[in-house]
Amino acid sequence: MPRDLVLTTTVNGEPVRKLIPANRSLLDFLREDLGLTGSKHGCDVGDCGACTVHLDGQPRLSCITLAAEAMDREVRTIEGVADGTLLHPVQEALHRHVGAQCGYCTPGIVMTLTALIDDAGDTPIDDDMLREALGANICRCTGYTKILAAAHDALRSGDSQSGKAAGEIG
Amino acid sequence: MTAPPARSPLHAPAPHDSAVGHVTGAAIYTDDLCPPGTLHAAIVRSPAPTGRIRSIDTRRARQSPGVCAVLTADDIPGDPCIGPVVHDEPVLARDRVWFTGQSVAMVLAETREQARQAATLVRVELDDPGPAPILDVDGAIAADSFHTDPHRIQRGDVDRALASLPAAGGVVVSGEVRTGGQDHFYLETHCALALPEEGGTIRVISSTQHPTEVQRMAARVLGVGQHRIICEVPRMGGGFGGKESQATAPACLAALGAAHTGRPVKVWLSRHEDMASTGGRHPFLGRYRAGFDSRGRFVAFDVELFSDGGWTADLSGPVMDRALFHLDNAYFIEHARFVGRVCRTNKASSTAFRGFGGPQGIAVCEDAIRRGARALGLRPEDVRRASYYDGEATPPRDRTPYGQQVPHPRIIAMHDRLVRTSDLAARRQQIAAFNAAHRWLRRGIGLQPLKFGISFTHAILNQAGAFVVVYSDGTVQLNHGGTEMGQGLHTKMVAVCADVLGVLPGQVRIMRTSTDKVPNTSPTAASSGSDLNGQAVREAALRIRERMATVAADRLGCDRSELTWQDGMVRGPDGQSMRFADLAHACWLERVSLSATGYYATPGIAYDAAAGQGTPFFYFAYGVAVVEVEVHALTGETRLRRVDILHDVGDSLNPAIDLGQVHGGFIQGVGWLTTEEVLHDERGAARNTGPSTYKIPAIGDVPLDFRVELLDNATQPGVIGGSKAVGEPPFMLAIGVIDALEDAISSFGPGPVALSLPATPEAVLRAIHRAARRPEGRDPQGR
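Remember, it's a predicted structure, so these values are computed and weren't measured experimentally.

J.: Looking at this structure, I do not really get the sheet that holds strand 2 (residues 51–57) of chain B. What am I missing?
T.: Residue and element names in this part refer to chain B. Taken together, three strands build an open sheet; the order of strands is 6-2-8 and the sheet is antiparallel. Only two strands of the sheet have a single partner each, and these edge strands are strand 6 (96–97) and strand 8 (123–127). Two elements, strand 2 and strand 8, share five bridges in a ladder whose sense is antiparallel. Paired with Ile-53 across the two strands is Leu-126, which belongs to strand 8.

J.: Is there a simple way to think about the packing of aromatic side chains in this case?
T.: Two measures describe an aromatic ring pair: the distance that separates the ring centres and the angle between the ring planes. All names here are of chain B. The final tally for this structure, using the stated rule, is 19 aromatic pairs over all chains. Between the aromatic rings of Phe-99 and Trp-311, the centroid separation amounts to 5.3 Å while the plane-to-plane angle is 40 degrees, which identifies the pairing as tilted. Of this pair, Phe-99 sits in the loop between strand 6 and strand 7 (103–109) while Trp-311 sits in the loop between strand 16 (298–308) and helix 9 (316–325), and the two are 212 residues apart along the sequence. Across the pair, Trp-311 and Phe-99 agree in class, each one buried. Between Phe-332 and Tyr-389, the ring centres sit 6.2 Å apart and the planes meet at 75 degrees, which makes this aromatic pair edge-to-face. Of the two residues, Phe-332 is situated in the loop between helix 9 and strand 17 (335–343) and Tyr-389 in the loop between helix 11 (380–387) and helix 12 (411–421); the sequence distance between them amounts to 57 residues.

J.: Whenever I open this one, the domain arrangement of chain A confuses me. Can you help?
T.: When the parts of a complex come together, some accessible area is lost, and that lost area is often used as the size of the interface. Residue and element names in this part refer to chain A. Domain boundaries assigned for chain A yield domain 1 (4–79) and domain 2 (89–156). Inter-centroid distance (C-alpha atoms) of domain 1 to domain 2 is 21 Å. Each partner contributes to the interface: domain 1 provides 16 residues, whereas domain 2 provides 14 residues. Taken over both partners, the interface formed by domain 1 and domain 2 buries close to 1,200 Å², and the fraction arising from carbon and sulfur atoms is 59%. In terms of surface lost to domain 2, no three residues of domain 1 exceed Cys-48, His-54 and Ile-78, which account for 37% of the buried area on that side. Along the contact surface separating domain 1 from domain 2 lie one salt bridge. Among the ionic pairs, Arg-76 bridges to Asp-118, the shortest N-O distance being 3.4 Å. The interface formed by domain 1 and domain 2 contains six residue pairs in polar contact (both at pLDDT 80 or more).

J.: Just to check I follow, could you spell out the confidence of the model for chain A for this structure?
T.: Any residue range with low pLDDT should be treated as having predicted coordinates unsuitable for detailed reading. Across chain A, the average pLDDT comes to 92, with 91% of residues at or above 70. Contacts for the low-pLDDT stretch residues 160–170 of chain A, under 50 throughout, to residues beyond four places or in other chains number 20 contacts.

J.: Just checking my understanding: could you explain the interface of chain A and chain B for this structure?
T.: Contact with chain A, which involves 43 residues of that partner, is made by 51 residues of chain B. When the two sides are added together, the surface that chain A and chain B hide from each other amounts to roughly 3,800 Å², 61% of it contributed by carbon and sulfur. Looking only at chain A, the three residues that lose the most surface to chain B are A:Gln101, A:Tyr104 and A:Arg140, adding up to 22% of its buried area. Run the count over chain A and chain B and you get four salt bridges.

J.: Help me out: how do you make sense of the sheet that holds strand 30 (residues 638–647) of chain B in this one?
T.: Hydrogen bonds along the backbone pair up the strands of a sheet, which may run parallel or antiparallel. All names here are of chain B. In spatial order, the strands read 18-29-30-31; together these four strands make up an open sheet with mixed pairing. In this open sheet, the two strands that pair with only one neighbour each are strand 18 (441–454) and strand 31 (705–710). If you compare each strand with its neighbour and ignore which way they point, the axes differ by 15 degrees on average. Two elements, strand 29 (residues 619–632) and strand 30, share nine bridges in a ladder whose sense is antiparallel. By the bridge assignment, Ala-625 is partnered in strand 30 with Ile-645.

J.: What is the right way to look at helix 17 (residues 655–675) of chain B in this model?
T.: Note that an α-helix has 3.6 residues per turn; residues three or four places apart therefore point the same way. Here helix 17 of chain B is 21 residues long and its end C-alpha atoms lie 29 Å apart, about the 30 Å a rise of 1.5 Å per residue gives. For helix 17 of chain B, a buried count of 19 out of 21 residues is recorded, marking the element as mostly surrounded by other parts of the structure.

Rules of the game
- Residues numbered from 1 in each chain as written.
- Chains lettered and ligands numbered in written order.
- Predicted model: local features only at pLDDT ≥ 70, side-chain atom pairs only at ≥ 80, totals over all residues.
- Heavy atoms only, no water.
- Pairing = 2+ DSSP bridges.
- Helix = DSSP H or I, 4+ residues; strand = E, 2+ residues; numbered from the N terminus.
- Phe/Tyr/Trp six-rings, centres within 6.5 Å; stacked < 30°, edge-to-face > 60°.
- Buried < 20%, exposed > 50% of the residue type's maximum accessible area, 1.4 Å probe, protein only.
- Domains from an automatic or database assignment.
- Contact = heavy atoms within 4.5 Å.
- Buried area = accessible area lost by both parts, 1.4 Å probe.
- Salt bridge = Lys/Arg side-chain N within 4 Å of Asp/Glu carboxyl O.
- Polar contact = N/O pair within 3.5 Å; in protein donor to acceptor, adjacent residues only side chain to side chain.
- pLDDT = per-residue confidence, 0-100.
- Axes fitted to C-alpha atoms, helices over the stretch in contact; angles between N-to-C directions.
- Expected span 1.5 Å × (residues − 1).

If you want it as structure tokens, here you go:
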């Protein structure tokens, strides 16, 4: 049997300390130990993007990441993206464009796009960069068209409003 | 679209009902629920495609840490078999196994890991494998292994027509088309959670398109009345037909586990298990002879279809029926003989998948059109234009081979409009110039029309119910029999209900689909969810409004007929008004019932399968696509450059949702036809069971330029809000990709154009070599 370890980490700004099996995936830790079920099991082999979270601000596939890797680092999940009831511009745009159908891939798409925007800083993000980033997520419902439109819209609104800052809280 | 009333929620492009939940991760799916004490299931599966079960040794598994029970077929108290049409599917294998991956036993343990660990310790001993496994249509035909007798649809005299056409300047072509399987790849795999409740009741929370089927089958398996089972569906993470019949087995296993242990039991399939043990789209073989007259009209079509049904009958019979009903696509074919039969093979059972046989039938029809056009020296779209149903022709060309009238087909006007708006003629010239200037890159353009019959072809299923509750504060709970899998049904139903009651959509709360609220429902399938449930919701809401109207008329001092209901207000003719909330309270005070059921059954549908004649559809939906592709002659890679679609959804109930259905359906069809290749090994086991080896379209596969328009002024009489079904039809427009690919491939040389499906890069490369008349492995220019 795998040995246990005490994981100390920060999830959505909250310090967490838990005894977990050393082989626990970050996804199972989030879903089962913390009850944060927004991140999804899509394929469990790191190919679909439905489990995407941020680890120290970078997108990570939590299904193929050991929870232990989050030791003393910052994890952000879909539950930590909105500022209370104020949606992040990416969430708001996906909502407005009906960029989610079944919604199962949507948390992962939000995490991919928010990481891209946070990471880009002042560098403008063009269509190629968006398509490149979204290549990490698969969606079976939408044909991606409205997701892409929403992403472009989020970039525009992020430029003109303080919405981008809202996403950094949480 | 006709101008809707200014503030009606109907026809408004409202966001999805679950949209905020979707983008914040708060939307609950079945696997997100896990009450304390839940046992997790792991399924032990057959290691071989055939064989008699000698023993199932569960001893070591029972002693494994955390294991609570290991169940086999012997533990089933009721009927051991389920099945939507034929009860031929053992929930857990008895005596024999029929495919590699079949469920044999179920381990229940405290954690998922413990259950899986223990499942590896169950030993299934097989002997007497019997005859070699049958793994495809050809093997089944050779072994005379079928689920069904042939279904025939005939009209005219095909043999005579085909014999006489060549002498009259026409052509006769023959062909063989093989369409591939397809995995649904809903992002949420199969999942069910069964909760034991008091009085021997079990509540099954299931990711199913057919809660009533889960309820009915779980009751049979447990040997109890249906009143002791409740099936509830929060929402699905995609369905596409994959959860119409095949969510039932996991749900029955969960119910069995809960009944056996008295604890909550969750059955969840990993992606690998889901792809290996549940079936997808039926692979089809179509053989045909097709005749065209000198003007390019499609006049005779003799087709034999075989589908690979897998190990159980499942929905294969109705899928074949729909394939036969769509062999005509949008064309009047005077002489027709369509025969179809479902093969039985030792593989996971094929099942419903968006289009339900329609795509396979239309793919065969369009192959004949392309082949006929080449033989005549015409463009395929000219043959199509000459062959459409046309009620205004003399004599009218408006009856399908199965005898249904096609009134006022919109397809001709839609074809002409899209040819114009997509600039087809000019782009053909540009493409010819491009191809003349490029050696390795070639472009092609094609057109794809579509007529798709709407209704369950099994007439009984065309019924629906709803249950609407108004509370004394004027808020509303809406229950209906349909399930939400991402298609936006709940959003549309809220709009229908809010429109009738004249309240704001925010006042209407849609409830989880549940068999204890609306019973005896049909699956949410056949694109019919909004047509059927919408009418039932409307009727329920109207019944309540009628009762409330009496009170309102009294309070406002006017006649009931003078009332208007809008924006949460009820108004009389002279400016007097009251809040809907106050009216609801007044109704409660006056002891007026504020809840009602609604029910709807589609009128006029009947089909006689023995005669191959009838009216299986309430109406037809139409669409046209123009597709431009680019192919690379060194790699076989293809790229969608531009896609134009004009689609007929009637007066859209929600244009934002319907556009999403067109985008998503089309791209899913592109996947079926180009990137998604289902592979099996010699044991019939699925070989590509994850997204790294089974390629569904990613964002890089969508058209660079994608223009979708919904047909305007398209009211469909007799359907809720004048709308039309939209779920399945756009899928089939993707067949235009094949039209465009063959156009591009033909530019490489005068050889035969023979593109196998799916048109993966390998298949495209082979086709290019054949067209260039070069041996494979050399470049098309012969260098």
